[in-house]
Amino acid sequence: MKNNKLENGKNRREFIGDIAKGFGALAIGSTLNLNLLANVPTNQTAEKFGFIIHGGAGTLEKSQMTPALEREYRAKLTEALTAGYNVIVKNGAALDAVETAIHILEDSPLFNAGKGAVFTAAGTNELDASIMDGSNLMAGAVGDVQHIKNPISLARLVMEKSPHVMLVGEGAETFAKQNGVTFVPQSYFRTEQRWQEYLQDKANDEKQKQKQSDKKAKAVSVNYVTINDKHGTVGAAALDKMGNLAAGTSTGGLSYKRFGRIGDSPIIGAGTYANNDTCAISATGDGEYFIRLGVARDISALMEYGGKSIEEAAQIAIGKVGKLGGTGGVVGIDKNGNFVEFFNTDGMYRGRVGTDGKMNIQIYKN
Ligand code: ASP
């Protein structure tokens, strides 16, 4: 698997494509028995494994969600969860499960990653992503890429085909070109909803600037941009049957971000972390706080040095985010297959499936 070759001779990308195709039109419910859906033999006696994903945290008011839209979200989360889970059930690698699921979420206009990414203040889309292999602590990340259809796969290439951990901007795209990655024009990422959000942000910014010049304060207004009403970063964490953990995260970042801003999602230890000795974590939220606190690595360290459970560790780490004034959450899985979904916002798009094949998709707080 590590060498991009699967047992059946297909390479990893073909394999991921097949899985993604197979789940185009999946019916949805809150809790489904995956065995009915996936049409693949599950090995109930295999040691613990599991897969968990998120599609961003924020103010997800039920009043703003139509039943039809909620169905769409649940369908896409289920599709991604199923695809990743199938990789693991077929004895695939945690890393492949993570990449497969994030691919699907990046391709969906519903989430702030890949297609449907938020706009920067300059009206561009600048994408960040990272992935980490808990079995060897290898990691790859990209920041501020503007023409890469699936940044998560480029992050994986950085991990596997470069001596570096993180590449950004034009350099990352040059590396992508050299490795035959799919490029898309900026227009590919645009959705009407994100464009309207951008126009709204622009109008707010003008107002803010007006206020500031009234007060003779010429500082640039960067503080009001929060994830509260713009959510949709995507991420995944997996434990495979070999006992390997992996995590990944992909995002368009904060809406109306400026100056080449890069958030926590591509920062190993902040937005993403995986270590076979502890856990795999993917975060979402106000990235600056997650960077300052090194949230994903903090959770792993609390487990490693503090003897905390994954749930306790996530609670402590997100507690610290809250104390500083940040919002967001994490999903994760530990080396024994225990899940965590913890957030200090009204909701977080999320789904998990364990060894029993029972899928659980949630949007709001329980
Ligand atoms: N954490 C992301 C960032 O700060 C945003 C999000 O998760 O919604 O770029």
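See above for the structure.
Note that this is a predicted model, so its numbers are computed, not measured.

Comments concerning the sheet that holds strand 9 (residues 279-285)
At step 1: The 4 strands lie next to each other as 8-9-10-11, forming an open sheet whose pairing is antiparallel. The strands lining the two open edges of the sheet, one partner per strand, are strand 8 (272-274) and strand 11 (339-343). With strand direction ignored, the average angle separating the axes of adjacent strands in the sheet is 10 degrees.
At step 2: Pairing between strand 10 (residues 328-334) and strand 11: 5 bridges, direction antiparallel. For I333, the partnering residue across the bridge sits in strand 11 and is F339.
At step 3: Across the sheet, helix 9 (residues 295-306) is in contact with strand 8, strand 9 and strand 10; its angle to strand 9 comes to roughly 145 degrees.
At step 4: Contacting strand 9, strand 10 and strand 11, helix 10 (residues 310-324) runs over the sheet at an angle of about 20 degrees to strand 11.

Remarks on a nonpolar patch on the surface
At step 1: There is a patch of nonpolar side chains on the surface, built from V165, M166 and V168 and spanning about 220 Å² of accessible area.
At step 2: Mapped onto the secondary structure, V165 falls in the loop between helix 5 (151-161) and strand 5 (166-168).
At step 3: Looking at V165, the relative accessible area reads 44%, which means it is partly exposed.

Regarding the side chain of D334
At step 1: Summarising the element assignment, D334 is placed in strand 10.
At step 2: Within the buried core, D334 has no salt-bridge partner, and the shortest N-O distance to an opposite charge, that of K48, equals 8.0 Å.
At step 3: Polar side-chain contacts of D334 include one of 2.8 Å to the backbone nitrogen of N336.
At step 4: Within the structure, the side chain of D334 is placed 2.8 Å from the backbone nitrogen of N338, a separation counted as a polar contact.
At step 5: Those residues in contact with D334 that sit more than four places away from it in its chain are L239, L245, T278, C279, M303 and I310.

What about the site of the ligand?
At step 1: Around the ligand lies a shell of 11 residues, among which T233, R261, D264, T284 and G285 are the nearest.
At step 2: A distance of 2.8 Å is found between an oxygen atom of the ligand and a side-chain nitrogen or oxygen belonging to R261.
At step 3: In isolation the ligand exposes 270 Å². Once the protein is present, 100% of that is buried.
At step 4: Class assignment for the residues of the shell around the ligand results in 2 nonpolar, 7 polar and 2 charged.

Examining the packing of helix 4 (residues 94-107) against helix 5
At step 1: One way to put it is that helix 4 packs onto helix 5 with a least axis distance of 8 Å and a crossing angle of 150 degrees. Judged by the angle between their axes, helix 4 and helix 5 are roughly antiparallel. On helix 5, the residues touching L95, D96, E99, I102, H103 and E106 of helix 4 are P151, I152, S153, R156, M159 and E160.
At step 2: Residues that form the contact of helix 4 with helix 5 fall into these classes: 5 nonpolar, 2 polar and 5 charged.

Definitions and cut-offs
Residues numbered from 1 in each chain as written. Predicted model: local features only at pLDDT ≥ 70, side-chain atom pairs only at ≥ 80, totals over all residues. Heavy atoms only, no water. Pairing = 2+ DSSP bridges. Helix = DSSP H or I, 4+ residues; strand = E, 2+ residues; numbered from the N terminus. Axes fitted to C-alpha atoms, helices over the stretch in contact; angles between N-to-C directions. Contact = heavy atoms within 4.5 Å. Patch = residues over 30% accessible without salt bridge, like charges linked within 9 Å, V, L, I, M, F, W, Y side chains within 5 Å. Areas by Shrake-Rupley, 256 points an atom, 1.4 Å probe, with all protein chains shown as cover. Salt bridge = Lys/Arg side-chain N within 4 Å of Asp/Glu carboxyl O. Buried < 20%, exposed > 50% of the residue type's maximum accessible area, 1.4 Å probe, protein only. Lys, Arg positive; Asp, Glu negative; His and termini not counted. Polar contact = N/O pair within 3.5 Å; in protein donor to acceptor, adjacent residues only side chain to side chain. Near = heavy atom within 4 Å. Nonpolar A, V, L, I, M, F, W, Y, C, P; charged D, E, K, R; others polar. Parallel < 35°, antiparallel > 145°, perpendicular 65-115°, else oblique.

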